[in-house]
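Okay, here's what each chain looks like letter by letter:
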2 protein chains.
Amino acid sequence: MLDDLKTILEQKGIIPSYHRIKIYEYLVNNKDHPTADIIYTDMIKQIPTLSKTTIYNTLKTLSGKGLISSITIEDNEVRFDPDTGLHGHFKCLRCGNLYDIELCSTLKNGLSECINSLEMEHRITDSQVYFKGICKKCRT
Amino acid sequence: MLDDLKTILEQKGIIPSYHRIKIYEYLVNNKDHPTADIIYTDMIKQIPTLSKTTIYNTLKTLSGKGLISSITIEDNEVRFDPDTGLHGHFKCLRCGNLYDIELCSTLKNGLSECINSLEMEHRITDSQVYFKGICKKCRT
DNA sequence: ATCATTGCAAACACTTTGCATACGC
DNA sequence: GCGTATGCAAAGTGTTTGCAATGAT
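Residues numbered from 1 in each chain as written. Chains lettered and ligands numbered in written order. Predicted model: local features only at pLDDT ≥ 70, side-chain atom pairs only at ≥ 80, totals over all residues. Heavy atoms only, no water.

J.: Could you give an account of the relation of the copies chain B and chain A, with specific residues and numbers?
T.: Superposing chain B onto chain A requires a rotation of 180° together with a translation of 0.0 Å along the rotation axis, leaving an RMSD of 0.2 Å. In symmetry terms, the pair is related by a two-fold rotation axis. Residues of chain B ranked by C-alpha distance from the rotation axis are headed by V129 of chain B, positioned 2.3 Å from it. Most of the interface of chain B is mirrored in chain A, where 100% of its interface residues are also at the interface. (Least-squares fit on C-alpha atoms with pLDDT ≥ 70 in both. Contact = heavy atoms within 4.5 Å.)

Here it is, written out as structure tokens:
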């Protein structure tokens, strides 16, 4: 498992240091879109020497190489997602949870269509769809 | 013009103070999605007594009442848009400009469809679509 | 006179930076 | 031994908060 991740990092041209592998592993195992702070607070239990700077460095490296995507919905927090495939997000304004949303095919088609027409003028590298509201659990 | 804006504020239950009207007016006249800081830097030329706190207070009040929408794409800046209708945004990663994007009808339909299905479980109050890339001017 | 808005300064949270140290090949 | 990753502390940025002053009715 760790070796697999190591290989993935190498393939992307990232030197697979111990910390980088572990942080990437954490993300793959925790798909609830943690913030840098959550990752730090969690991981320091296992790796007490880990510093927040390393977290930030690594997250920047990983997302720079396209291994993870960064999600900005609320202003005051960036979240990270190891799933870089096309999908949407839903943020509950009450509990703060961030859910992955499977986009319906019409929406996916619409996105491609829209991107195609935008590509006439601009170069598009990324697209995001997100929703806000109150989640199932919080509706009461 | 100012009277119109005043009326709009009143209709939303916002006490139409001079500063609030002026800030709202600024947003209506500057649809390039300014940040709080840009608004402040610009407006202080006309209203030297204006403070940043008032900008923040007013922006929060206006967006809380649904008069403007706040756009979070990059982590370190919130931008404000007086156009609350359904449309997308495109952020140029090079020059930082934020463009309004007209969404194609397939995409709009896909959004409604997706929201409808989400509404089975959650309550959806807001949706956003945005793109990132390099804009026409920056492509060279 | 009362109540809400305003403005300053300090506090805050998150992230980045500079630089010295430690690690791995 | 060299080059890169790491870690600490400090600086930076954008935003919020507490509280006193101001303003409007």
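This is not the end of the story, as more comes after the structure.
J.: Could you give me a rundown of the state of the cysteines, with the residues and numbers involved?
T.: All names here are of chain A. Enumeration according to the criterion identifies zero disulfides over all chains in this entry. Not engaged in a disulfide, the cysteine C92 finds its nearest cysteine sulfur in C95; these two sulfurs lie 3.6 Å apart. C138 carries a free sulfur, and the closest cysteine sulfur to it, the one in C95, is 3.7 Å from it. Residue classification places C138 among the buried residues on the basis of a relative accessible area of 15%. (Disulfide = S-S within 2.5 Å. Buried < 20%, exposed > 50% of the residue type's maximum accessible area, 1.4 Å probe, protein only.)

J.: Go over the protein's contact with DNA strand C with me, naming the residues and quoting the values.
T.: Taken together, 15 residues are adjacent to DNA strand C, and Y56 of chain A together with S17, R20, T49 and T54 of chain B come closest. Take R20 of chain B: an N or O atom from its side chain is 2.8 Å from a phosphate oxygen of DNA strand C. T49 of chain B places a polar main-chain atom, nitrogen or oxygen, 2.6 Å from a phosphate oxygen of DNA strand C. Elements represented by at least two residues in the surface near DNA strand C include exactly α4 (52-64) of chain A together with α2 (18-29) and α4 (52-64) of chain B. Per-element tally for the surface near DNA strand C: the top contributor is α4 of chain B, with three residues. Within the surface near DNA strand C, the residues separate by chemical class into five nonpolar, nine polar and one charged. (Near = heavy atom within 4 Å. Polar contact = N/O pair within 3.5 Å; in protein donor to acceptor, adjacent residues only side chain to side chain. Helix = DSSP H or I, 4+ residues; strand = E, 2+ residues; numbered from the N terminus. Nonpolar A, V, L, I, M, F, W, Y, C, P; charged D, E, K, R; others polar.)

J.: Kindly report on the protein's contact with DNA strand D, identifying the contributing residues and their values.
T.: The environment of DNA strand D is made up of 14 residues, and the closest members are S17, R20, T49 and T54 of chain A together with Y56 of chain B. In the interface set of DNA strand D, defined as its atoms within 4 Å of the protein, sugar plus phosphate atoms amount to 75%. Between DNA strand D and the protein, one listed contact pairs a phosphate oxygen with a side-chain N or O atom of R20 of chain A at 2.9 Å. With respect to DNA strand D, the side chain of Y56 of chain B contributes an N or O atom lying 2.6 Å from a phosphate oxygen. Counted by class, the surface near DNA strand D contains five nonpolar, eight polar and one charged residues.

J.: Hey, could you go over the pairing of strand β5 (residues 123-134) of chain A for me, with residue numbers and the actual values?
T.: Of all 12 residues in β5 of chain A, nine are buried, a share of seventy percent or more. Relative to β5 of chain A, strand β3 (residues 88-92) of chain A runs parallel, the two sharing four bridges. By the bridge assignment for β5 of chain A, K91 of chain A is matched with K132 of chain A. Pairing between β5 of chain A and strand β5 (residues 123-134) of chain B: 11 bridges, direction antiparallel. Paired with I134 of chain A across the two strands is R123 of chain B, which belongs to β5 of chain B. (Pairing = 2+ DSSP bridges.)

J.: Give a description of the pattern of salt bridges that names residues and reports values.
T.: By the definition in use, this model includes 16 salt bridges over all chains. One salt bridge in this structure joins R79 of chain A and E77 of chain A, with 2.9 Å as the shortest N-O distance. Accessibility expressed as a relative area gives 11% for R79 of chain A, which makes it buried. When the shortest N-O distance is used, the salt bridge between E77 of chain B and K91 of chain B registers 2.7 Å. Taken together, the residues span a long stretch of sequence, with E77 of chain B in the loop between β1 (69-72) and β2 (78-81) and K91 of chain B in strand β3 (residues 88-92) at a distance of 14 residues. By the burial criterion, E77 of chain B is buried, and K91 of chain B matches it. (Salt bridge = Lys/Arg side-chain N within 4 Å of Asp/Glu carboxyl O.)

J.: Describe the domain arrangement of chain A, and please don't skip the residues or the numbers.
T.: All names here are of chain A. Entries for chain A in the domain assignment read domain 1 (1-84) and domain 2 (85-140). One C-alpha centre belongs to domain 1, the other to domain 2, and the line joining them spans 22 Å. Counting residues at the interface gives 11 residues for domain 1, matched by 12 residues for domain 2. Taken together, the two surfaces of domain 1 and domain 2 that pack against each other cover about 990 Å², and 51% of this comes from carbon and sulfur. In terms of surface lost to domain 2, no three residues of domain 1 exceed H33, I73 and E74, which account for 49% of the buried area on that side. One can count two salt bridges joining domain 1 with domain 2. Across the pair K132 and E74 runs a salt bridge, and its minimum N-O distance is 3.7 Å. The set of elements that each furnish at least two residues to the side of domain 1 that touches domain 2 consists of β1 (69-72) and β2 (78-81). Looking at the side of domain 1 that touches domain 2, its residues break down into two nonpolar, three polar and six charged. (Domains from an automatic or database assignment. Buried area = accessible area lost by both parts, 1.4 Å probe.)

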